[in-house]
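Residue-level structural notes
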Amino acid sequence: MAKGRSKTVFFCKECGYESVKWLGQCPGCKAWNTFVEGPAVKASAGKEQIRWKKAEPSRLSEVSITEEERTLTGITELDRVLGGGIVTGSLVLVGGDPGIGKSTLLLQMCQSMVAAGKHILYVSGEESVKQIKMRAERLGKFEQELFLLSETNLDQIVEAVTEQRPDVVIIDSIQTMYREEIDSAPGSVGQIREATAVLMRLAKELSVSVFVVGHVTKEGVVAGPRVLEHMVDTVLYFEGDGSAPYRFLRGVKNRFGSTNEIGVFEMCGNGLKEVVNPSEYMLQGKPEKEAGSVVACTLEGTRPILIEVQALICQTSFNMPRRTAAGTDYNRVNLLMAVIEKRLGIRLGDCDAYINVAGGMRIHEPALDLAVVAAILSSYRNQALEEGSICFGEVGLVGEVRAVNMAEQRVTEAAKLGFRKCILPQVNKKQLTLSQKVLNGMELIGIDTIYELLGVL
Ligand code: TYD
Ligand code: MG
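As the structure is a computational prediction, the values presented were derived from the model and not from experiment.

Moving on, we come to the site of ligand 1. Near ligand 1 lie 16 residues; those nearest to it are G99, S103, T104, C268 and G271. Between ligand 1 and G101 there is a distance of 3.0 Å, counted from an oxygen atom to a backbone nitrogen or oxygen. Contacts to ligand 1 include C268, whose backbone N or O atom sits 2.7 Å from a nitrogen atom. Notes on ligand 1: free accessible area 560 Å², of which the protein chains cover 75%. Counting only elements with at least two residues in the shell around ligand 1, the list comes to α3 (102–115), α4 (129–139) and β13 (262–268). Residue contributions to the shell around ligand 1 peak at 3 residues, all from α3. A per-class count over the shell around ligand 1 returns 4 nonpolar, 8 polar and 4 charged.

Summed over all chains, the structure comprises 3 aromatic pairs. Each ring, one from Y246 and one from Y281, has its centre 5.1 Å from the other, and the planes form 85°; the classification is edge-to-face. Of this pair, Y246 sits in strand β12 (residues 246–254) while Y281 is found in helix α8 (residues 278–282), placing the two residues 35 residues apart along the sequence. Side by side, Y246 and Y281 carry an identical accessibility label, which is buried. Positioned above the aromatic ring of F392 is the side chain of R410, whose terminal nitrogen or guanidinium carbon lies 5.6 Å from the ring centre.

A few words now on the pairing of strand β17 (residues 323–326). Bridging between β17 and strand β18 (residues 351–357) involves 4 bridges; their strand directions are parallel. Its bridge partner lying in β18, T324 is registered against Y354.

On to the pattern of salt bridges. For the coordinates displayed, the defined rule picks out 21 salt bridges. Taking the shortest distance from any N to any O, the salt bridge between R80 and E77 comes out at 2.8 Å. Here the residue R80 and the residue E77 both occupy positions in helix α2 (residues 76–82), the gap between them amounting to 3 residues, near one helical turn. Owing to a relative accessible area of 30%, R80 belongs among the partly exposed residues under this scheme. Exposure remark for E77: the relative accessible area of 2% places this residue in the buried category. Salt bridges linked by common partners bring D155, R179, E181 and E194 together as one network.

Looking now at the domain arrangement of the chain. Annotation of the chain at the domain level lists domain 1 (8–38), domain 2 (70–276) and domain 3 (281–456). The distance between the C-alpha centroids of domain 1 and domain 2 comes to 26 Å. Tallying the contact residues gives 9 residues for domain 1 and 10 residues for domain 2. Both faces combined, the contact of domain 1 with domain 2 buries some 750 Å², and carbon together with sulfur accounts for 51% of it. When the buried area of domain 1 at its contact with domain 2 is split by residue, F11, K13 and E14 rank highest and sum to 60% of it. If you look at where domain 1 meets domain 2, you find 1 salt bridge. In this structure, the salt-bridge partner of E18 is R193, at a minimum N-O distance of 3.2 Å. Where domain 1 meets domain 2, there are 2 residue pairs in polar contact (both at pLDDT 80 or more). Of the residues in the side of domain 1 that touches domain 2, the class split is 5 nonpolar, 1 polar and 3 charged.

Rules behind the numbers
- Residues numbered from 1 in each chain as written.
- Chains lettered and ligands numbered in written order.
- Predicted model: local features only at pLDDT ≥ 70, side-chain atom pairs only at ≥ 80, totals over all residues.
- Heavy atoms only, no water.
- Near = heavy atom within 4 Å.
- Polar contact = N/O pair within 3.5 Å; in protein donor to acceptor, adjacent residues only side chain to side chain.
- Areas by Shrake-Rupley, 256 points an atom, 1.4 Å probe, with all protein chains shown as cover.
- Helix = DSSP H or I, 4+ residues; strand = E, 2+ residues; numbered from the N terminus.
- Nonpolar A, V, L, I, M, F, W, Y, C, P; charged D, E, K, R; others polar.
- Phe/Tyr/Trp six-rings, centres within 6.5 Å; stacked < 30°, edge-to-face > 60°.
- Buried < 20%, exposed > 50% of the residue type's maximum accessible area, 1.4 Å probe, protein only.
- Lys NZ or Arg CZ within 6 Å of the ring centre and 35° of its normal.
- Pairing = 2+ DSSP bridges.
- Salt bridge = Lys/Arg side-chain N within 4 Å of Asp/Glu carboxyl O.
- Domains from an automatic or database assignment.
- Contact = heavy atoms within 4.5 Å.
- Buried area = accessible area lost by both parts, 1.4 Å probe.

Set out below in structure tokens:
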């Protein structure tokens, strides 16, 4: 082989797609201008794993399963998203925008786990141990020792972990870690992949659970956490509106539990507080008897959450009416407005329409359709909905109201928060099996089309 220049390839810093030449658009994740040049990755950690043993398939019936060993973190919202605690020897990625609260969440997890007698090593490549101490002071008292390490050299970290044998290791953040053998800068796709592979091996071989923080990056040469999503066991994203105090922890991938579970937190002066009843929280400050405000019930994973949908419909003063949708799908809102125009004969073509899901949540569930339609109609006619009513249901192109899943849970959640009237798809109403406690004082109105909705409003 000819020696000379070391081989370089191009990586997409969004998703890690590899290509021998530079590309404008990534074929993997369709992002533009994300390719950066880097040395070809020698996956040393991967190579050592290969053992040339004869591969022998097992019989399904003979595979014995032992329940994975799980440890509770003591933070209920986090445990839920993890699928019931941390699985021993798993690698968990916690991704999110810089400053959203990833380090805070993990430090709080440390706080509650050391109190339960766990041995934890918190490795930070971003902050000095003094800075971590300062943050810890804000969070309150640490009852037992937590071990801190300010280090970015992965080999040193592996050594420390092997020596200390902690139960849990936190790596904050993966983008600051490097291995000398890989000759690209920390944060490059090559380094991140190598670091993840090393940590994965560490987790499996020593049976330590590893949490890895990954910043979502918009610009620059630092690769994002999507590069390692496929390598880790569990991917959690911590998201929220920077201006609002709510934070949502979302499971995106979980080899040991269901995804799509969410945990809800509030950022306070002394760390993150769990929000035990998100519905109540989301409806805080909801105006009463105002046109254009409708409460809907959406499902996040298996969890029903009540949220307020707001619409403002007014005569446009532009050539092209303005339409915006915050917290939900813009195209879906446009589609629903077209359905209203066509099926109900209401002229919305010369109206501006602003739709907003209050509380900073992003919802893409079709069950929200009926509430969006109701909010638009309510604002258009300047008529408020009756106090204490909620609605949910999917709206089809011919204006039919279609069934949604888990209607019982939705109605029950509404009843729990004192709602007395529920507008829902007729099909769902017929199949509901509700306890008497819920049914008492709850008026259920089943509708088949949005035309019937007009009558109910
Ligand atoms: P941090 O956990 O450092 O974010 P990340 O690790 O995701 O980059 O959180 C930083 C933000 O959180 C910072 O803007 C201050 C705020 N914060 C509070 O409001 N209260 C607190 O108790 C703490 C520790 C942080
Ligand atoms: Mg941080």
